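# Descriptive structure summary
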Amino acid sequence: MKKFTAVILGIIVAQMVAAQIPYKVITVNGEIMAKKAKLTLQNGVEVKSDDNFDFVKPNSRAALINSEYGRVVLTETNAAQAFAKAAFAPAISTVSSRAASMTTLTDLKGFFSGSMLIIDKLEQKIDASSFPMNHQKHFFVRYSYNNETINKKLQFNGDRLIINPDEILVVDGKPIPNPEQISEITLFYYDSSNKTPESILINSFRPVFVKTADIKGEVKTIVDEFKSKNYETVLSEVYDYLNNFYGYTEKEELEKWLNSNFDFKKCN
């Protein structure tokens, strides 16, 4: 009987501890209040999993993280069970690449698709024998702005295609004030070397342009929370978060960005 009682008490204590797990806030879309802690959720603050949350603005959501229990996305509809689910399902994914090389049209179509996160700018290596870039052959993008079709030639550096929002999101010499209005852009490959110039449709995708300053604090929260973990675990958590909250980002580009901003690199 004493043994049974001890087991029950152990379970109760474990449940109480689990209900008070501290989570760091990565980011918040909207406005959410933690009632017990009496604070507004924002990047870097810590709240307990047993807090009560007031969703001040409709459809608000927040991403929170704990190095042992994973990441949770807190919404008004899942607030009651979000942390319980996290305790059983740590959010650690495998970093993948859409295409190991850009040698065919199929490779390009697969890479430039869906939502794409572009931090500052994208420099993507393209096979020069399949898609050379010079004054006669180059890539360009097309998008609509204020009911007008905008075509923008993309810059390149050797075999690296450059997508720089500071260059393409400009109309009549002026930056577009609300880049988020550009919900989709279409990529083409232009060839004027023949008698009849040709524009080859690659694909349409949804760009998510952000500056380093916009997300550095969010990523720092993840990196700091997982500083005791190995390289691949930290990379997977950052990758998984960015893919879920913003859009696809290429592993190689992400690793270079992390190294540049956090001196984050794999130890040999």
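On to helix α7 (residues 251–262). Taking 1.5 Å of rise per residue, 12 residues should cover 16 Å, and α7 covers 16 Å from first to last C-alpha, within 8% of that figure. Elements in contact with the buried residues of α7: β8 (115–119), β9 (122–125), β13 (160–163), α5 (212–225) and α6 (231–245). One or two residues past the end of α7 sits Asp 263, with phi positive at roughly 50°.

Quick look at the side chain of Asn 164 now. Turning to its location among the elements, Asn 164 is positioned in the loop between β13 and α4 (165–168). On the basis of relative accessible area, Asn 164 is assigned to the buried category, the value being 12%.

Next up on the list: the environment of Ser 228. Position of Ser 228 relative to the elements: it lies in the loop between α5 and α6. Sequence-wise, Ser 228 and Ser 67 are 161 residues apart; in three dimensions their C-alpha atoms are separated by 8.9 Å.

Here we take up the confidence of the model for the protein. For the protein, the average pLDDT comes to 88, and 87% of its residues sit at 70 or higher. Under a pLDDT of 50 for its full length, residues 9–18 has, in the predicted model, 1 contact with residues more than four places off or in other chains.

Further remarks concern the packing of α5 against α7. To describe two helices that pack against each other, one gives the angle between their axes and the distance between the axes. Packing of α5 against α7 leaves a shortest axis separation of 12 Å and a crossing angle of 85°. It follows from the interaxial angle that α5 and α7 lie roughly perpendicular. Each of Thr 212, Ile 215, Lys 216, Val 219 and Lys 220 in α5 lies in contact with α7, whose residues at this interface are Trp 257, Leu 258, Asn 261 and Phe 262.

Taken in spatial order, the 4 strands line up as β4-β1-β6-β7 in an open sheet, and their pairing is antiparallel. Either end of the sheet is taken by a strand with one partner, and the two such strands are β4 (46–48) and β7 (70–75). Taken pair by pair, the neighbouring strands of this sheet meet at an average axis angle of 40°, ignoring direction. Both strand β6 (residues 61–66) and β7 contribute to a ladder of 6 bridges, which runs antiparallel. Each bridged residue has a counterpart across the sheet, and for Ala 62 the counterpart in β7 is Leu 74. Of the strands in this sheet, β1 (22–29) and β6 are in contact with α5, which crosses β1 at around 165°.

This part takes up the sheet that holds strand β10 (residues 137–145). One open sheet holds the 5 strands; their spatial order is β8-β17-β16-β10-β11, and the pairing between them is mixed. Strands with a single pairing partner mark the edges of an open sheet, and in this sheet they are β8 and β11 (148–153). The average undirected angle you get between the axes of adjacent strands in this sheet is 40°. As judged from the 7 bridges shared by strand β16 (residues 185–191) and strand β17 (residues 198–210), these two strands associate in the antiparallel manner. Directly across from Leu 187, in β17, lies its bridge partner Asn 203.

Here we take up α6. For α6, which comprises 15 residues, the first-to-last C-alpha distance of 21 Å matches the rise-based estimate of 21 Å (1.5 Å per residue) to within 8%. α6 sits mainly inside the fold: 12 of its 15 residues count as buried. Those residues of α6 that sit buried are Tyr 231, Thr 233, Val 234, Leu 235, Ser 236, Glu 237, Val 238, Tyr 239, Asp 240, Tyr 241, Leu 242 and Phe 245. Along its buried surface, α6 packs onto β1, β6, β7, β8, α5 and α7.

The next thing to look at is the packing of aromatic side chains. One pass over the full model with this rule turns up 14 aromatic pairs. Three or more aromatic residues joined by ring pairs make a cluster, and in this case those are Phe 111, Phe 112, Phe 205 and Tyr 248. In this structure, Arg 61 is placed above the aromatic ring of Phe 245, and the distance from its NZ or CZ to the ring centre is 4.1 Å. Looking at Lys 216, its charged tip hangs above the ring of Phe 262, at a distance of 5.9 Å from the centre.

Attention now moves to unusual backbone geometry. Notably, Lys 38 is not glycine yet its phi reads approximately 55°, a positive angle. Mapping Lys 38 onto the fold places it in the loop between β2 (32–34) and β3 (39–40). A positive phi angle is found at Asp 172, which is not glycine, with a value near 55°. Take Asp 172: it is sitting in the loop between β14 (170–171) and β15 (174–175). Residue class for Asp 172 comes out exposed when judged on its relative accessible area of 72%.

Formed by 53 residues in total, the largest nonpolar core has its most connected members in Phe 112, Phe 139, Tyr 143, Ile 163 and Val 238. With 8 residues, the top contributor of residues to this core is α6.

A few words on the packing of α5 against α6. It is the contact of α5 with α6, at a shortest axis distance of 9 Å, that shows an interaxial angle of 140°. Relative to α6, the element α5 lies oblique. The hand of the α5/α6 crossing is right-handed. Taking contact as the criterion, the partners of Ile 215, Glu 218, Val 219, Ile 222 and Val 223 in α5 are, on α6, Val 234, Glu 237, Val 238, Tyr 241 and Leu 242. Taken together, the residues of the contact of α5 with α6 sort by class into 8 nonpolar, no polar and 2 charged.

Reading the values: the criteria
- Residues numbered from 1 in each chain as written.
- Predicted model: local features only at pLDDT ≥ 70, side-chain atom pairs only at ≥ 80, totals over all residues.
- Heavy atoms only, no water.
- Helix = DSSP H or I, 4+ residues; strand = E, 2+ residues; numbered from the N terminus.
- Expected span 1.5 Å × (residues − 1).
- Contact = heavy atoms within 4.5 Å.
- Buried < 20%, exposed > 50% of the residue type's maximum accessible area, 1.4 Å probe, protein only.
- pLDDT = per-residue confidence, 0-100.
- Axes fitted to C-alpha atoms, helices over the stretch in contact; angles between N-to-C directions.
- Parallel < 35°, antiparallel > 145°, perpendicular 65-115°, else oblique.
- Pairing = 2+ DSSP bridges.
- Phe/Tyr/Trp six-rings, centres within 6.5 Å; stacked < 30°, edge-to-face > 60°.
- Lys NZ or Arg CZ within 6 Å of the ring centre and 35° of its normal.
- Core = buried A, V, L, I, M, F, W, Y, C linked by side-chain atoms within 4.5 Å.
- Left-handed = near helix turned anticlockwise from the far one by under 90°.
- Nonpolar A, V, L, I, M, F, W, Y, C, P; charged D, E, K, R; others polar.

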